[in-house]
Amino acid sequence: MKECGGAPLSMEMAGFRFDGMNLLDMFCEALVIWEASTGAVLYTNESARALYGYSCGEASALSIDDIFPDWEGGLRKGSFSIQTATHRKKDGMFFPVQLTCRSLPGNAGDVMMMVASDVSPENLIHDSVSLAASIQRGFLPGDLEGDGRIEVRGIYRPMHLISGDMFGYQWDERQGILSGYLFDVMGHGVPAALRTSAIMVLFHQAFEDDARAGASLEEKLAWVNSMAEGGILSDSFAAAVCFRLNVPEKKLDYCAAGINGFLYGSGAGLKKIITPGSLLGISGTALFGSGSLPVEPGEYFLFLSDGFLDQQSVRENEHLSFSGAYDRLFQVGYTGAARDDQSALCVLFRDS
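Rules and cut-offs
- Residues numbered from 1 in each chain as written.
- Predicted model: local features only at pLDDT ≥ 70, side-chain atom pairs only at ≥ 80, totals over all residues.
- Heavy atoms only, no water.
- Phe/Tyr/Trp six-rings, centres within 6.5 Å; stacked < 30°, edge-to-face > 60°.
- Helix = DSSP H or I, 4+ residues; strand = E, 2+ residues; numbered from the N terminus.
- Lys NZ or Arg CZ within 6 Å of the ring centre and 35° of its normal.
- Buried < 20%, exposed > 50% of the residue type's maximum accessible area, 1.4 Å probe, protein only.
- pLDDT = per-residue confidence, 0-100.
- Contact = heavy atoms within 4.5 Å.
- Salt bridge = Lys/Arg side-chain N within 4 Å of Asp/Glu carboxyl O.
- Expected span 1.5 Å × (residues − 1).
- Arc of directions from axis to C-beta.
- Core = buried A, V, L, I, M, F, W, Y, C linked by side-chain atoms within 4.5 Å.
- Pairing = 2+ DSSP bridges.
- Axes fitted to C-alpha atoms, helices over the stretch in contact; angles between N-to-C directions.

Trainee: Just checking my understanding: could you explain the packing of aromatic side chains for this structure?
Mentor: A full pass over the atoms with the stated rule returns 14 aromatic pairs. Between the aromatic rings of Phe243 and Phe303, the centroid separation amounts to 4.3 Å while the plane-to-plane angle is 5°, which identifies the pairing as stacked. Here Phe303 lies in strand β16 (residues 300-304) and Phe243 lies in strand β11 (residues 238-246), a separation of 60 residues in the sequence. Each residue in the set Phe243, Tyr254, Phe262, Tyr264, Phe301 and Phe303 is aromatic and connected to the rest through ring pairs, giving one cluster. Lying over the aromatic face of Phe95, Lys89 brings its terminal NZ or CZ to 4.4 Å of the ring centre.

Trainee: For this particular structure, what's the right way to read the environment of Phe207?
Mentor: Structurally, the position occupied by Phe207 is in helix α6 (residues 189-208). By relative accessible area, Phe207 is classed as buried at 9%. Put simply, Phe207 and Ser179 are 28 residues apart on the chain and 7.6 Å apart in space, counted from C-alpha to C-alpha.

Trainee: Before we go on, may I ask you to explain the confidence of the model for the protein in this structure?
Mentor: A low pLDDT means the predicted coordinates there should not be read in detail. On average, the protein scores 84 in pLDDT, and the residues at 70 or more come to 87%. Low pLDDT, under 50, characterises residues 5-9; the stretch is placed with nine contacts to residues that sit more than four places away or in other chains.

Trainee: Please clarify how the pattern of salt bridges should be interpreted in this entry.
Mentor: Any two side chains of opposite charge can pair if their charged atoms end up close together. In the structure shown here, the tally under the stated rule is nine salt bridges. Residue Glu151 is joined to Arg153 by a salt bridge in which the shortest nitrogen-to-oxygen separation is 2.7 Å. Judged on exposure class, the residue Glu151 and its partner Arg153 are both buried. Ionic pairing is found between Lys220 and Asp210, a salt bridge with its closest N-O pair at 2.6 Å. Remark: Asp210 occurs in helix α7 (residues 210-213) and Lys220 occurs in helix α8 (residues 217-229); sequence separation between them is 10 residues.

Trainee: Looking at this structure, how should I read helix α10 (residues 322-333)?
Mentor: Each α-helix turn comprises 3.6 residues. Residues three or four places apart therefore point the same way. When the terminal C-alpha atoms of α10 are compared, their 16 Å separation across 12 residues agrees well with the 16 Å that a helix rising 1.5 Å per residue should span. Every buried residue belonging to α10 is among Phe322, Ala325, Tyr326, Leu329 and Gly333, and all of these are buried. Each buried residue of α10 sits inside an arc of 100° when the element is viewed along its axis, so together they form one side. Buried residues along α10 sit in contact with β8 (150-157), β16, α9 (306-309) and β17 (342-349).

Trainee: Before we go on, may I ask you to explain the nonpolar core in this structure?
Mentor: Note on soluble globular proteins: their nonpolar side chains tend to be buried together. Membership of the largest hydrophobic core comes to 70 residues, with the highest contact counts inside it found for Phe203, Leu252, Leu280 and Leu302. Ignoring sequence-local partners within four residues, the contact set of Phe203 consists of Tyr181, Phe183, Leu221, Val224, Ala240 and Leu280. Among the nonpolar cores identified, the runner-up in size contains 23 residues, and Ala36, Tyr54, Leu62 and Cys101 belong to it.

Trainee: Help me understand the sheet that holds strand β15 (residues 289-294), please; the structure alone is not making it clear to me.
Mentor: Strand pairing in a sheet takes place through backbone hydrogen bonds and is either antiparallel or parallel in direction. The strand order β9-β10-β11-β12-β15 describes an open sheet built from five strands, whose pairing is antiparallel. Each end of this open sheet is capped by a strand with a single partner; those strands are β9 (165-172) and β15. Strand after strand, the sheet turns through a mean of 10° between neighbouring axes, direction not considered. By the bridge criterion, six bridges tie strand β12 (residues 251-257) to β15 in an arrangement that is antiparallel. In the sheet register, Lys251 faces β15, and the bridge partner there is Pro294. Relative to strand β10 (residues 177-185), α6 is tilted by about 160°, and along the sheet it contacts β9, β10 and β11. Sheet contacts for α8: β11, β12 and β15; angle to β12, the most-contacted strand, approximately 25°.

Trainee: For this particular structure, what's the right way to read the sheet that holds strand β13 (residues 261-266)?
Mentor: In spatial order, the strands read β8-β17-β16-β13-β14; together these five strands make up an open sheet with antiparallel pairing. Two strands close off the open sheet at either side, each with one partner strand: β8 and β14 (269-274). Each adjacent strand pair in this sheet contributes to an overall mean axis angle of 20°, direction not counted. Bridge analysis of β13 against β16 gives three bridges, and the strand direction is antiparallel. When the bridges of β16 are listed, Tyr264 appears paired with Phe301. Across the sheet, α10 touches β8, β16 and β17, and the angle it forms with β8 is around 10°.

The structure is reproduced here in structure tokens:
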């Protein structure tokens, strides 16, 4: 059999014909095939080599005893088994795996096949965080491009798998009003992500229910703050900005809590709109920065978390189209290692 780097598209092994062996390298699970009578490992896919720590050349000289020392005590030729076992890496470290193993049928002789997954606690934690990241990303709205009056694009780049940033928006097509918000919870990792999910629910409720949270942006921010400061943000803070773009009236209202500005793009270039205001979670009377701007077709707004604002990804007085500004932010967000969570909600006013 050829080594992993030169595996042919078709091969015959112990009278058993395999097609497309290179496709097995696409499997996420570790796959090992060996000969029971000699213990010689006949094939390992890329996931298996990564799991056990062997190079292509080293894997071709392995015995099954090198990675599964007590396999004969737990597996019987001709049987099918699913079990938890202990395997060994190249560096000698033992770790638990969940495996499925069976003999190949027919005239394959004593060839056995095994699929194994690492179930060590640290690996399961990583898998859990990855799942949490997928769930968190599912909270985000998709881009809005199909309406002729406005366009909305989002950027979401966690520093690690999960983020302390989040954003959302609601488009009332009948009235022509776009309401949105972006917020940034202090810290990173699981604690920040849990707070972020809880605050996302509060913002969603605030913008859906005027009877509960009030009609104005200031009232909505105050309601979110009052609901969050006693529990969700009892030992932390969050910065936020929210807005309401009224297309028929050509007006943008905004209100901010700790996010000190957003960018306004017009024919005169980019301008930073300063929005001072108290952070969410600070006890006492909260003072939020608010205001209104007239808006003309072709103008746009970039609402950014600190990960973008601190880098000055786009600067005042630059002349950029909406697509150009978005592309710049996207490139900055997804180039190199992030030093902070980076999120953006980009809004273009097309026409009334």
